[in-house]
Amino acid sequence: MPAGRHSGPLVAAVLAVALGGCRAKVEVATLPDESPSLRAANSFVHCIEGANSACVEPGQASRGWHGFALLAWLSHGSPVAIASSLPHQLAIHAEPRLIERRMVDEVERYAIALRGAGCSGVEEHSLGPLVERAATSAAERLDGLALWVRGASDAIGMLREDARAELAQGTLVAMRCPTDPYLLYVGTRYSEGRYSVVGMSTLVPAALGGERLDPERVAVRLESRALGLQGASSPLPDDAIGPWLPFPVEEF
Amino acid sequence: MRAWLVPVFAMLVQGTEPSAGFSTTVASHVERSVGVGNLPGGQGSEVVPGVFITLGLDHLDVFDHEALPLSQGRVADATPSPACRSGCARVLFETMEWEWLRLAVEGATLGVDIPVAVHFAAHRDVPAATLLQAAYAAAESRPVTPPNLSIVTSSAGRGLRSQAFFLLPPEGLLLQQGSAALALTIQVTDGKLRLSGSDSNLGPHAQASNLGQLRALLVALKKRHAGKDTVVIDPGDAMTTGELIELIAQVKPHFSRIVLSRGQTIRL
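In this convention, every chain numbers its residues from 1, walking through the sequence in written order. As they are written, the chains are lettered A onward and the ligands numbered 1 onward, keeping that order. Only residues with pLDDT of at least 70 are given local features in this predicted model, and only at 80 or more are side-chain atom pairs given and counted; all residues enter the totals for whole chains, interfaces and linings. Side-chain calculation: all heavy atoms of the structure are included, whereas hydrogens and water are not.

**Quick notes on the interface of chain A and chain B**
- Note on contacts: a residue pair is in contact if any heavy atoms of the two residues lie within 4.5 Å. With 61 residues of chain A in contact, the opposing surface of chain B contributes 69 residues.
- By buried area we mean how much accessible surface two parts lose on assembly, using a 1.4 Å probe and totalling the loss over both. Each partner contributes to the roughly 5500 Å² buried at the junction of chain A and chain B, and carbon and sulfur atoms together form 69% of this total.
- A side-chain nitrogen of Lys or Arg and a carboxyl oxygen of Asp or Glu constitute a salt bridge if their distance falls within 4 Å. Put simply, chain A and chain B have two salt bridges between them.
- The salt bridge involving Glu 251 of chain A is made with Arg 257 of chain B; its shortest N-O contact spans 2.8 Å.
- Of all the elements, helix α4 (residues 79-93) of chain A adds the most residues to the side of chain A that touches chain B, at ten residues.
- In terms of residue class, the side of chain A that touches chain B is built from 36 nonpolar, eleven polar and 14 charged. Counting from the N terminus, the helices are DSSP H or I runs at least four residues long and the strands are E runs at least two residues long. Here the nonpolar group is Ala, Val, Leu, Ile, Met, Phe, Trp, Tyr, Cys and Pro; Asp, Glu, Lys and Arg are the charged ones; every other residue, Gly included, is treated as polar.

Right under this line is the structure:
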């Protein structure tokens, strides 16, 4: 972790003492008293509020973050999705272009909701230990549920290696928002002396530093435009009694 | 990822191999959670991929994680949820709504569909009323439309099977005049099986004391209403899941479409 996390206020205090005798009033701008990774996460979200997916720079999407996200999914996601789409998700993981597309899609999906949501970073977790926890949990789970009998452990090993390589010094920044999506998790990596954002999610398992939403907020989120469920409908036969009884009244 | 690893990774993508079937996954969890041998025995169709909810005597699991404690197979705090039109318990409704949100976020992020099927694997001694509450909670909280529902049974030599059922709408059902619906309903109260419906021969007090008597009544009804396939069963508060499955097994040969109710009624 680079030095200078709390240097802003210190500089301000020194300047204030040094300039104390001067008549002219000098205002010293200071950086917010927050960690560099929190600052990176806040800047990224502020950027989304103004510019949508233009905030995702070429090369910013990270295979390490994608690997961590897939491990988190394997450790806590739906077995239905894991059973049906693991090869597809691994295929995406093998293509940097598709990983970037996924990050851009995620940002675009939440851009409108985040505008005015007032999200700000409140806490951060080191990603290194979370990667290990997710990988261990994913391996145990796939084995316990008899999902993917061949190749899964190799795939988990590969995802862990990718995540380790990039995120060993990274952080998971938890952000709170007064409105939908209420919680936002931003991943950062530390490289060449600075933190940069590598991905985001609105849901992280509790075992990996996430939090369960209040029930009132769950209901709001299910109506969120970002999830695309508003106004969705399923086709029913013309003669069906209704969505609860989708068969003809003649047979009832 | 290092460049030389890319072909290795592609090989892994092609080399991953699914398990023997989704029912194997369900069975793996059910065995650990309540024991497959404790499920009610019965026939049915293949267990298709879907959400699986396991109800034991002291816990309710969604997929493979414990979501809620139960006490003797019942929800300890039965305070109803204002959002659950059937009056299901708040804790159940909120648990299921949270699970649907998780699935919706997963679906949006990974480009996968939200499951359309929900299976209930209940210990045979769990009250049917708890199973029905959980079913209404899962169905009412699902975004868009109610899911396809089933009870998981254990079939000797065939593994787990899926017994499909529907639910009466949470507010009950009002059928228009002239709909010609039979609306055959079996209500279990005080150990009696009371039958009702629009058939004039049923009378206001048609009932059976045991499954044999019920079978005879159903055979006669089916002869008069060959085009009807549906029966509504309200198991009441005392019946267990195992007893409900036994009842369904008697009913299905005559009326193959099972609709369950926890007090919801049909108004003709």
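**Observations regarding the pairing of strand β8 (residues 185-189) of chain B**
Residue and element names in this part refer to chain B.
- For β8 and strand β9 (residues 192-196), the ladder comprises five bridges, and the chain directions are antiparallel. Considered in β9, the bridge of Val 188 is made with Leu 193.
- Only strands that DSSP links by at least two bridges are regarded as paired with each other. In this structure, the hairpin formed by β8 and β9 is closed by a connection of two residues, where Asp 190 is found at a positive phi of approximately 50 degrees.
- The pairing of β8 with strand β11 (residues 230-234) spans three bridges and is parallel. Bridge pairing in β11 places Thr 185 opposite Val 232.

**Points about the confidence of the model for chain B**
- The pLDDT score gives, residue by residue, the confidence of the prediction method on a 0 to 100 scale. Averaged over all residues, the pLDDT of chain B is 91; the fraction at 70 or higher stands at 92%.
- Scoring of the predicted complex yields 0.88 for pTM and 0.89 for ipTM.

**Digging into the packing of helix α3 (residues 63-76) of chain A against α4 of chain A**
All names here are of chain A.
- Geometry is summarised by axes, namely lines fitted to C-alpha atoms with helices restricted to the contacting stretch, and by angles between N-to-C directions that run from 0 to 180 degrees. One can describe the packing of α3 onto α4 by two numbers: an axis separation of 12 Å at closest approach and a directional angle of 170 degrees. Between α3 and α4, the angle falls in the class roughly antiparallel. The residues of α4 that touch α3, namely those facing Arg 63, His 66, Gly 67, Leu 70, Trp 73 and Leu 74, are Ala 81, Ile 82, Ser 85, Leu 86, Gln 89, Ile 92 and His 93. An angle counts as roughly parallel when it lies under 35 degrees, as roughly antiparallel when it exceeds 145, as roughly perpendicular when it falls between 65 and 115, and as oblique in every other case.

**Brief notes about the sheet that holds β8 of chain B**
Residue and element names in this part refer to chain B.
- Strand order in this open sheet of eleven strands is β3-β2-β1-β4-β5-β6-β12-β11-β8-β9-β10, and the pairing throughout is mixed. Because the sheet does not close on itself, it has two edges, and the strands there are β3 (65-69) and β10 (207-208).
- Lying on the sheet, helix α3 (residues 90-110) is in contact with β1 (51-55), β2 (59-62), β3 and β4 (117-122); it crosses β3 at an angle near 160 degrees.
- Along the sheet, helix α6 (residues 241-251) contacts β4, β5 (148-155), β6 (159-167), β8, β9, β11 and β12 (257-260); its crossing angle with β11, the most-contacted strand, is approximately 160 degrees.

**As for the packing of helix α6 (residues 127-144) of chain A against helix α7 (residues 152-167) of chain A**
Residue and element names in this part refer to chain A.
- As a packed pair, α6 and α7 sit with axes 10 Å apart at the nearest point and diverge in direction by 175 degrees. Taken together, the axis directions place α6 and α7 in an arrangement best described as roughly antiparallel. On α7, the residues touching Leu 127, Gly 128, Val 131, Glu 132, Ala 135, Thr 136, Ala 138, Ala 139 and Leu 142 of α6 are Ala 152, Ile 156, Arg 160, Ala 163, Arg 164 and Leu 167.
- Taken together, the residues of the contact of α6 with α7 break down into ten nonpolar, two polar and three charged.

**Overview of the domain arrangement of chain B**
Residue and element names in this part refer to chain B.
- Residue ranges labeled as domains rest on an automatic or database domain assignment. Considered domain by domain, chain B is made up of domain 1 (5-167) and domain 2 (173-267).
- At the boundary of domain 1 with domain 2, the tally comes to one salt bridge.
- Here Asp 237 ties to Arg 74 by a salt bridge, and the two come within 3.4 Å at their closest N and O atoms.
- Any pair of nitrogen or oxygen atoms within 3.5 Å is treated as a polar contact; in protein, a donor-acceptor pairing is required on top of that, and neighbouring residues in sequence qualify only through side-chain atoms on both sides. Summed over the shared surface of domain 1 and domain 2, the result is ten residue pairs in polar contact (both at pLDDT 80 or more).
- Looking at the side of domain 1 that touches domain 2, the elements that each hand over two or more residues are α4 (128-141), β5 and β6.
- In terms of residues, the side of domain 1 that touches domain 2 owes the most to one element, α4, which gives six residues.
- For the side of domain 1 that touches domain 2, the residue count by class is 15 nonpolar, seven polar and three charged.

**Examining the state of the cysteines**
- Working definition: a disulfide is two cysteine sulfur atoms within 2.5 Å of each other. Counted by the stated rule, this structure contains three disulfides over all chains.
- Note that Cys 47 of chain A is cross-linked by a disulfide to Cys 55 of chain A, the S-S spacing being 2.1 Å. Of note, the bridge from Cys 47 of chain A to Cys 55 of chain A carries an S-S torsion of about -100 degrees and is left-handed in sense.
- Here Cys 84 of chain B pairs with Cys 88 of chain B through a disulfide, and the sulfurs are 2.1 Å apart. The chirality of the disulfide connecting Cys 84 of chain B with Cys 88 of chain B is right-handed, given an S-S dihedral of about 125 degrees. This pair shows no difference in class: Cys 84 of chain B is buried, exactly as Cys 88 of chain B is. Summary of the burial criterion: residues with accessible area below 20% of their type's maximum are buried, those above 50% are exposed, and those between are partly exposed, where the area comes from a 1.4 Å probe applied to protein chains only.

**Here's the deal with the environment of Leu 167 of chain B**
- Looking at the secondary structure, you find Leu 167 of chain B in strand β6.
- Given a relative accessible area of 1%, Leu 167 of chain B falls into the buried group.
- A C-alpha to C-alpha distance of 9.7 Å links Leu 167 of chain B and Asn 148 of chain B, two positions 19 residues apart in sequence.
- The residues contacting Leu 167 of chain B, other than those within four sequence positions of it, are Trp 244 and Leu 245 of chain A together with Leu 132, Ala 135, Tyr 136, Ala 139, Leu 149, Val 259 and Leu 260 of chain B.

**Let's talk about the nonpolar core**
- For the purposes of this section, nonpolar cores are sets of buried Ala, Val, Leu, Ile, Met, Phe, Trp, Tyr and Cys residues that join through side-chain atoms within 4.5 Å. With 157 residues, the main nonpolar core has Phe 68 and Phe 252 of chain A together with Ile 53, Phe 120 and Leu 167 of chain B as its most contacted residues.
- If you tally residues by element for this core, the top one is α3 of chain B, at eleven residues.
- When residues no more than four places from it in sequence are discounted, the contact partners of Phe 120 of chain B are Ile 53, Leu 55, Leu 131, Ala 134, Ala 135, Ala 138, Leu 149, Ser 150, Ile 151, Val 152 and Phe 165 of chain B.

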